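Coordinate analysis (summary)
Residue strings, one per chain:
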Amino acid sequence: MSTAGAVDQACLLDAHLHLPVQVAGHASGEVQGHAPGVTEIFPTEGQWWINSGLTDDWELVASLAAANRNVRGFVGVHPWQVEELCSAGGALSPGGALSAGDAAAGWLAELRGLLLANPGLGIGEIGLDGSGRHRKSLAAQREVLRLQLGLAAELGRPVSLHC
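For the structure given in this document, a descriptive report is provided here. All residue numbers refer to positions counted from 1 along the written sequence of the respective chain. It should be noted that, the model being predicted, local features are given only for residues of pLDDT at least 70 and side-chain atom pairs only at 80 or more, the latter also being counted only at that level, while totals for whole chains, interfaces and linings use all residues. Note that water and hydrogens are dropped before the side-chain values are worked out from all heavy atoms of the structure.

Let's shift gears to the overall build of the protein chain. Runs of E in the DSSP output that reach at least two residues are strands. Runs of H or I that reach at least four are helices, and both are numbered from the N terminus. In terms of regular secondary structure, the protein chain is built from eight helices and four strands. When its helices and strands are written in sequence order, the protein chain yields α-α-α-β-α-β-α-α-α-β-α-β. Relative accessibility decides the category of a residue: with a 1.4 Å probe and only protein chains considered, values under 20% of the type maximum give buried, values over 50% give exposed, and everything between is partly exposed. Residues classed as buried in the protein chain amount to 41% of the 163 residues present. The contact rule is simple, with two residues in contact once any of their heavy atoms fall within 4.5 Å. Residue pairs at least 24 apart in sequence account for 69% of intrachain contacts in the protein chain once pairs closer than 6 positions are excluded. Accessible areas in this description were obtained via Shrake-Rupley with a 1.4 Å probe; residue shielding takes into account the shown protein chains only. Summing over all exposed atoms, the protein chain offers an accessible surface of approximately 8700 Å²; the carbon and sulfur share of this is 56%.

Pasting the structure below:
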């Protein structure tokens, strides 16, 4: 096979697509209702990898991936959302560390259930971000990342990393 043939058959991936946020800005009413129009925004050619931005996006990403053969969904807790997630759930200790027990009883259990119900989903976008305003939640980010990587290894799922 020639090099040109390999390029023609290459799979194009957008490694940094946060569709629910982008769709919300484009057609927020459709996102809220999960209307069929949301699933029609993908071209039929190529492959699309969608990363969830918030836990509220997980179901939407799962439904978009299920409705489109060329969409691969990734659900997880983005490092920018860790502080908000932990504060809302009361899972941050005074030192900024995350209580693994609180996580396992809340968002992590929800993530596990969604992944088990949707075998085609990966975990992402996950990772660490020590820049600017996110630096103060770095200890919690490490624990959230550790828990999500452990779940990915346990379930044999691919991971989309924030960098």
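On we go.
By size, the foremost hydrophobic cluster in this structure holds 27 residues, and its most contacted members are Trp58, Val75, Val77, Trp107, Leu111, Leu115 and Leu121. Counting residues per element, the ones that place at least two in this core are helix H4 (58-67), strand S2 (71-75), helix H5 (82-89), helix H7 (107-117), strand S3 (122-127) and helix H8 (138-155). Leu115 has contacts with Val75, Leu121, Gly122, Ile123, Leu151, Leu155 and Arg157, leaving out every residue within four places of it along the chain. Residue types Ala, Val, Leu, Ile, Met, Phe, Trp, Tyr and Cys, when buried and joined through side-chain atoms within 4.5 Å, form a set referred to as a nonpolar core.

All axes here are fitted lines through C-alpha atoms, helices being fitted over the stretch that makes contact, and every angle between N-to-C directions spans 0 to 180 degrees. Running from N to C, H4 and H7 cross one another at 10°; their axes reach a closest spacing of 11 Å. With respect to their mutual orientation, H4 and H7 come out roughly parallel. Along the contact surface, H4 presents Trp58, Glu59 and Ala62, while H7 presents Trp107, Glu110, Leu111 and Leu114. Of the residues in the contact of H4 with H7, the class split is five nonpolar, no polar and two charged. Roughly parallel means an angle under 35 degrees; roughly antiparallel, over 145; roughly perpendicular, 65 to 115; everything else is oblique. Residues are grouped as follows: Ala, Val, Leu, Ile, Met, Phe, Trp, Tyr, Cys and Pro are nonpolar; Asp, Glu, Lys and Arg are charged; all remaining types, including Gly, are polar.

Okay, the pattern of salt bridges next. Definition used for salt bridges: Asp or Glu carboxyl oxygen within 4 Å of a side-chain nitrogen of Lys or Arg. Scanning all chains against the criterion turns up three salt bridges. Measuring nitrogen to oxygen at the nearest pair gives 2.5 Å for the salt bridge that ties Glu154 to Arg112. With a gap of 42 residues between them, Glu154 in helix H8 and Arg112 in helix H7 connect regions that are remote in the sequence.

Once that is clear, we can look at the pairing of S3. Among the six residues in S3, six count as buried, and that is most of the element. Across two bridges, S2 lies against S3 in parallel orientation. Bridge pairing links Val75 to Ile123 in S3. Alignment of S3 against strand S4 (residues 159-162), held across four bridges, turns out to be parallel. When the bridges of S4 are listed, Gly124 appears paired with Ser160. Pairing between two strands is assigned when DSSP locates at least 2 bridges connecting them.

The next thing to look at is the packing of H7 against H8. Taken N-terminus to C-terminus, the directions of H7 and H8 make an angle of 25°; their axes are 11 Å apart at the nearest point. Relative to H8, the element H7 lies roughly parallel. Between H7 and H8 the crossing geometry is right-handed. Residues Trp107, Leu108, Leu111, Arg112, Leu115 and Leu116 of H7 lie in contact with H8, whose contacting residues are Val144, Leu147, Gln148, Leu151, Glu154 and Leu155. Its residues assigned to classes, the contact of H7 with H8 shows nine nonpolar, one polar and two charged. The handedness criterion is simple: a crossing whose near helix is rotated anticlockwise from the far helix by less than a right angle is left-handed, and one whose near helix is rotated clockwise is right-handed.

This part covers a negative patch on the surface. The patches described consist of residues with a relative accessible area above 30% and no salt bridge, like charges being joined within 9 Å and nonpolar side chains (Val, Leu, Ile, Met, Phe, Trp, Tyr) within 5 Å. Two residue types count as positive, namely Lys and Arg, and two as negative, namely Asp and Glu; His and chain ends fall outside the count. Note on charges: their place is set at NZ of Lys, CZ of Arg, CG of Asp or CD of Glu. Among the surface-exposed residues, Asp56, Glu59, Glu84 and Glu110 lie close enough to one another that they form a single negatively charged patch. Along the chain, Glu84 turns up in helix H5.

Limitation: the analysis is restricted to geometry and does not speak to function.
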